[in-house]
Amino acid sequence: MFNILSPDIVFQEVPKEISLALTVTGCQIGCKGCHSPHIWNPQHGSPLTAMRLTELLEQYGSLITCVVFFGGEWQSQQLCSLLFQCQTAGFKTCLYTGEEDVSNTIKAHLDYLKTGPWRSEVGGLASRNSNQRFIDIATKKQLNYLFIKD
Ligand code: SF4
């Protein structure tokens, strides 16, 4: 079971989607310059049970088109179950991971995947030099260009 912080509605993390953002605590990747080291502690937040996810989807469902998880890949079985719940409810799904890749089992429940740790010297998705990749799972196409403004 993993915990999440308070959910947000976000507009930029998944292009062309309005997303319910669920930040899972317990990331152990330890990127230097991490934007949110407070989420490294898995005790922060509160448990994301299937029941809580059902309530969140009911609460925000009329506003969103997608659910994006920030982390959680380290508990693959739980993440897949929750992603499946989102898909079944009719929402697209996305995972932001700091790993270079995730299992095909997880990918089977995703529409979009962002990979790669934070490296300040090359920047995030909005940078042309970023090590990070944002991928459309169905087409396997990299969509980083949608994040680059200039
Ligand atoms: S993957 Fe994200 S949350 Fe985890 S350490 Fe890196 S920047 Fe921080």
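Residues numbered from 1 in each chain as written. Predicted model: local features only at pLDDT ≥ 70, side-chain atom pairs only at ≥ 80, totals over all residues. Heavy atoms only, no water.

- The name given to the protein chain in an unreviewed UniProt entry is Anaerobic ribonucleoside-triphosphate reductase activating protein, with the source organism recorded as Pseudoalteromonas haloplanktis.

1. What to know about the nonpolar core
- Counting residues in each nonpolar core, the largest one holds 25 residues, and the members touching the most others are Leu22, Leu48, Val67 and Phe69.
- It is helix H2 (residues 76-88) that provides the largest number of residues to this core, a total of five residues.
- In contact with Leu48, not counting residues within four places along its chain, are Met1, Phe2, Asn3, Ile4, Leu22, Leu53, Leu56, Phe69, Gln78 and Leu82.
- If you look at the next biggest cluster of nonpolar residues, it comprises twelve residues, including Cys94, Tyr96, Leu125 and Phe134. (Core = buried A, V, L, I, M, F, W, Y, C linked by side-chain atoms within 4.5 Å. Buried < 20%, exposed > 50% of the residue type's maximum accessible area, 1.4 Å probe, protein only. Helix = DSSP H or I, 4+ residues; strand = E, 2+ residues; numbered from the N terminus. Contact = heavy atoms within 4.5 Å.)

2. Observations regarding the packing of aromatic side chains
- Within the structure shown, the criterion is met by four aromatic pairs.
- When the ring of Phe70 is compared with that of Tyr96, the centres are 5.0 Å apart and the planes differ by 75 degrees; the resulting orientation is edge-to-face. Of this pair, Phe70 sits in strand E5 (residues 66-70) while Tyr96 sits in strand E6 (residues 92-96); the two residues are 26 residues apart in sequence, bridging distant segments of the chain.
- A relative accessible area of 15% places Tyr96 in the buried class.
- Three or more aromatic residues joined by ring pairs make a cluster, and in this case those are Phe70, Tyr96, Tyr112, Phe134 and Phe147. (Phe/Tyr/Trp six-rings, centres within 6.5 Å; stacked < 30°, edge-to-face > 60°.)

3. What about H2?
- Spanning 13 residues, H2 covers 18 Å between terminal C-alpha atoms, matching the ideal 18 Å at 1.5 Å per step.
- Within H2 the residues assigned to the buried category are Gln78, Leu79, Cys80, Leu82, Leu83, Gln85 and Cys86.
- Just beyond H2, the residue with positive phi is Gly90, at close to 100 degrees. (Expected span 1.5 Å × (residues − 1).)

4. Digging into the layout of surface pockets
- Considered as a void within the structure, the largest pocket measures approximately 830 Å³ in volume.
- Around the largest pocket, the lining comprises 37 residues; the ones closest to its centre are His35, Phe70, Tyr96, Lys114 and Gln132.
- Of all the secondary structure elements, the ones that give two or more residues to the lining of the largest pocket are strand E2 (8-10) and strand E3 (19-23).
- Residues belonging to the lining of the largest pocket are distributed by class as follows: 20 nonpolar, twelve polar and five charged. (1 Å grid on protein atoms, 1.4 Å probe; cavity = no way out; pocket = protein on both sides within 12 Å on 5 of 7 lines; lining within 4 Å. Points joined across faces, edges and corners; volume = space filled by probe spheres on them. Nonpolar A, V, L, I, M, F, W, Y, C, P; charged D, E, K, R; others polar.)

5. With respect to the site of the ligand
- As a matter of local geometry, the ligand sits amid Cys27, Ile29, Gly30, Cys31, Cys34, His35, Ile39, Trp40, Gly98 and Trp118.
- Using a 2 Å cut-off from the grid points, one finds that the ligand occupies the largest pocket.
- Class assignment for the residues of the shell around the ligand results in seven nonpolar, three polar and no charged. (Near = heavy atom within 4 Å. Sits in = over half its atoms within 2 Å of the grid points.)

6. With respect to the sheet that holds strand E7 (residues 112-115)
- Taken in spatial order, the seven strands of this open sheet run E2-E3-E5-E6-E7-E8-E9, and their pairing is mixed. The sheet is open, and its two edges are formed by E2 and strand E9 (141-142), each paired on a single side.
- Of the pairings in the sheet, the one linking E5 to E6 comprises five bridges and is parallel in character. By the bridge assignment, Phe70 is partnered in E6 with Tyr96.
- Contacting E5 and E6, H2 crosses the sheet at an angle of about 165 degrees to E5. (Pairing = 2+ DSSP bridges. Axes fitted to C-alpha atoms, helices over the stretch in contact; angles between N-to-C directions.)

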